[in-house]
Amino acid sequence: MGLRALVESAGAGLRRRRWLWLGVLGALLVAWPIFIHEVFFAYIATLMLLYTIGAASLHLVLRTGHLSLCHAAFMGLGGYTSALLTTRLGWPFALAFLASGLVPAAVALVVGPILLRLRGVYFVLITFTLGEIVRLVLNEWKSLTGGADGIFRIPPPSPLLVDKRAYYYFALAMAAICVGVIARILSSQTGRYIDSIRESERLAQSSGVPILRFKVMIFAIACGFVGFQGSLLAHFITFVAPGSYTFSESLNLLVMNVIGGMGGLAGPLIGAAFLTALPEFLRGWVELQRVLYGVVLVLVMLFVPGGLIEIGRRLLSTGRS
Amino acid sequence: MSVLLEVRGVSKRFGAVQAIERLDFEVKQGEILGIIGPNGAGKTTAINLISGVIRPDSGRIALVGEDVTGMRPDRLVRLGVVRTFQATTIYQERTVRENVRRGAFTTLYPGFWPGFLGTGAARAAERRTEATIGELLGWLGLGEVAEAEARNLPYGYQKVLGLGMALAARPRLAMLDEPAAGLSHDEAAHVADVIRRTNADGVSLIVVDHNMRFITRLCHRIVVLHHGTELATGTPQEVTRDPRVIDAYLGTLHEPA
């Protein structure tokens, strides 16, 4: 009994400590622009925040045991939805933003029941194909999408958000909400049964879990969230083009998860921040940028196969002992 | 006694092999029905057919009169029909308690939104389920190892855990595929005890095994399968005295390997 009480209080302490860390992180994210005024930093930090939404949403799909290579296509659907509705139809941002989540989610609901029956490498291949189809449609349906040039002069969500630092705070709030919702899904009973499905479909099904319905639901939610990122990104950089939503962007979202660590939600967040910042800081060596990028990726995978989150864990455990 | 499950003229062919041929039997409310037969007789196929893992080519399966032929396994679980697996199919890297929790989907899962919002009803269901899981672990004899990782358990405990996960779904009918295979004498006795207590709790059971002694001691009635079809049905006494059974099944048992 005494032992159990000890274990339980340790668990509660760990949860308290997690909230404490989150508080510290939140305070840092809110406070740093007060001291550092460079717009470049606000620009990069905004990108980092927006990519945490996409990477975290892909984490949801990965947690069901499916490796999707078309996540950027859904980001594109969101971006184009928002861009078209605001520039062509003059919708207010708030409504266009909602649509930018609903359209990809609806598409995912239609294709999900077909795609998610496939497993392993077949799912990977079909999502790769789907991503290419979306890119082709964006490229070729010129009357609607503007073809390869894309859509320009997308207005900011509000005149107040023209300033990059203001947009940073907007992105911070939106990323906090999106990632918070994803974290809550994972910590709810739904998260428990997502893990069951990944670990053993047969067993989950024989406990009564409707596997395909769970997978489709999670896939649609994930695609909706990456659509939100697409919208926030489009209104931030003020243009969308098919070239932004290619296979390499899908791969980028996946690598964020791999580099950060796939065991928990912290992985993709760290991975998104790291991989968004990395190319920007390598710009000084333009010719070597891609090579250095590759070298860093290989080093991380070689020495911390558990992802960057593993480094933090190791530091914490050496600190304790 | 009223009939809980009816299997009528069910057949299943895999390529050239007729795995099940016009199988006919029923499970009465509150009974332990044994299905016995030599390897390859179609015992596991029968369970797979009833639990919806595979569809029969023909025939009909009904649960309290309702046609459930070819129904998906997860829907059947929600109607109260669960099964265990021959091998120790468990979530290896999770604790014993977490394994049982996952088995309790039908009572633990409140739906997406109630779970997401953590409504009062969802939390109440969680508390109730946690309490029943605690009790279940206790009388399965897994209380001591509840926080251990499942893969670190001895084989016998893993078999009992598989049983516990099925029972966590609070079934009306539980189908156990070789629950005592590979167990020591004491472990098998423990499993038999768990099965009897489950049955006393109002759960009907189908127990599949090829160990005649285990089945005759445990079951109220026995169906003997031979080459995918029913050879004999009756009480343990009737079945063990049936010359066809002795010839087809027990006879082979005494042949040198």
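This text goes with the structure placed above it.
This text gives an overview of the structure that appears in the document. All of these numbers come straight from a predicted model, not from anything done at the bench.

### Notes on the packing of helix α2 (residues 39-63) of chain A against helix α12 (residues 266-281) of chain A
Residues and elements named next belong to chain A.
Logical step 1: Taken N-terminus to C-terminus, the directions of α2 and α12 make an angle of 140 degrees; their axes are 8 Å apart at the nearest point. Between α2 and α12, the interaxial angle falls into the category oblique. Every pair of crossing elements has a handedness; the one defined by α2 and α12 is right-handed. Taking contact as the criterion, the partners of Ile44, Leu47, Met48, Tyr51, Thr52, Ala55, Ala56, Leu58 and His59 in α2 are, on α12, Pro268, Leu269, Gly271, Ala272, Ala273, Thr276, Ala277 and Glu280.
Logical step 2: Among the residues forming the contact of α2 with α12, the class breakdown is 12 nonpolar, 4 polar and 1 charged.

### Section: unusual backbone geometry
Residue and element names in this part refer to chain B.
Logical step 1: For Arg170, which is not a glycine, the phi torsion comes out positive at approximately 50 degrees.
Logical step 2: Note on placement: Arg170 falls in the loop between α7 (155-167) and β7 (173-177).
Logical step 3: According to the C-beta neighbour criterion, Arg170 is partly exposed, with 16 such atoms within 10 Å.
Logical step 4: We note that Glu178 has phi near 50 degrees; this positive angle belongs to a residue other than glycine.
Logical step 5: Mapped onto the secondary structure, Glu178 falls in the loop between β7 and α8 (185-200).

### Examining the interface of chain A and chain B
Logical step 1: Every contact between the two is made by 20 residues of chain A and, on the other side, 20 residues of chain B.
Logical step 2: The dominant element in the side of chain A that touches chain B, judged by the number of residues it contributes, is helix α8 (residues 189-199) of chain A, at 6 residues.
Logical step 3: Looking at side-chain class alone, the side of chain A that touches chain B contains 7 nonpolar, 9 polar and 4 charged residues.

### Re the sheet that holds strand β5 (residues 66-67) of chain B
Residue and element names in this part refer to chain B.
Logical step 1: One open sheet accounts for 4 strands, arranged β2-β1-β4-β5; its pairing is antiparallel. Where the open sheet ends on each side, the last strands, each with one partner, are β2 (17-28) and β5.
Logical step 2: Two strands pair when backbone bridges link them, and strand β1 (residues 3-14) and β2 are joined in this way by 8 bridges, in the antiparallel orientation. Following the sheet pairing, Val3 is matched in β2 by Lys28.
Logical step 3: The strands touched by helix α1 (residues 43-50) within the sheet are β1, β2 and β4 (58-63), with β2 carrying the most contacts at an inclination of about 65 degrees.

### Regarding the sheet that holds strand β8 (residues 204-209) of chain B
Residues and elements named next belong to chain B.
Logical step 1: Read from one edge of the open sheet, 6 strands run β6-β7-β8-β3-β9-β10, paired in mixed fashion. At either end of the open sheet lies a strand with only one pairing partner, and these are β6 (81-83) and β10 (229-234). Neighbour to neighbour, the strand axes of the sheet diverge by 20 degrees on average, direction disregarded.
Logical step 2: Along the sheet, α1 contacts β3 (32-36), β6, β7, β8 and β9 (221-226); its crossing angle with β7, the most-contacted strand, is approximately 150 degrees.
Logical step 3: Across the sheet, α8 lies against β3, β7 and β8, angled at about 155 degrees from β8, the strand it touches most.

### Overview of the environment of Phe239 of chain A
Residue and element names in this part refer to chain A.
Logical step 1: Considering the arrangement of structural elements, one finds Phe239 in the loop between α10 (211-237) and α11 (247-260).
Logical step 2: We classify Phe239 as partly exposed; it has 16 C-beta atoms within 10 Å.
Logical step 3: Sequence separation between Phe239 and Gly147 is 92 residues, and the spatial gap between their C-alpha atoms is 13 Å.
Logical step 4: Setting aside residues up to four positions removed in sequence, Phe239 forms contacts with Gly150, Ile151, Phe152 and Ile154.

Thresholds applied
- Residues numbered from 1 in each chain as written.
- Chains lettered and ligands numbered in written order.
- Predicted model: local features only at pLDDT ≥ 70, side-chain atom pairs only at ≥ 80, totals over all residues.
- Axes fitted to C-alpha atoms, helices over the stretch in contact; angles between N-to-C directions.
- Helix = DSSP H or I, 4+ residues; strand = E, 2+ residues; numbered from the N terminus.
- Parallel < 35°, antiparallel > 145°, perpendicular 65-115°, else oblique.
- Left-handed = near helix turned anticlockwise from the far one by under 90°.
- Contact = placed C-beta atoms within 7 Å.
- Nonpolar A, V, L, I, M, F, W, Y, C, P; charged D, E, K, R; others polar.
- Buried ≥ 20, exposed ≤ 12 C-beta atoms within 10 Å, placed from the backbone.
- Pairing = 2+ DSSP bridges.

So, to be careful, I would describe these as geometric facts and stop short of saying anything about function.
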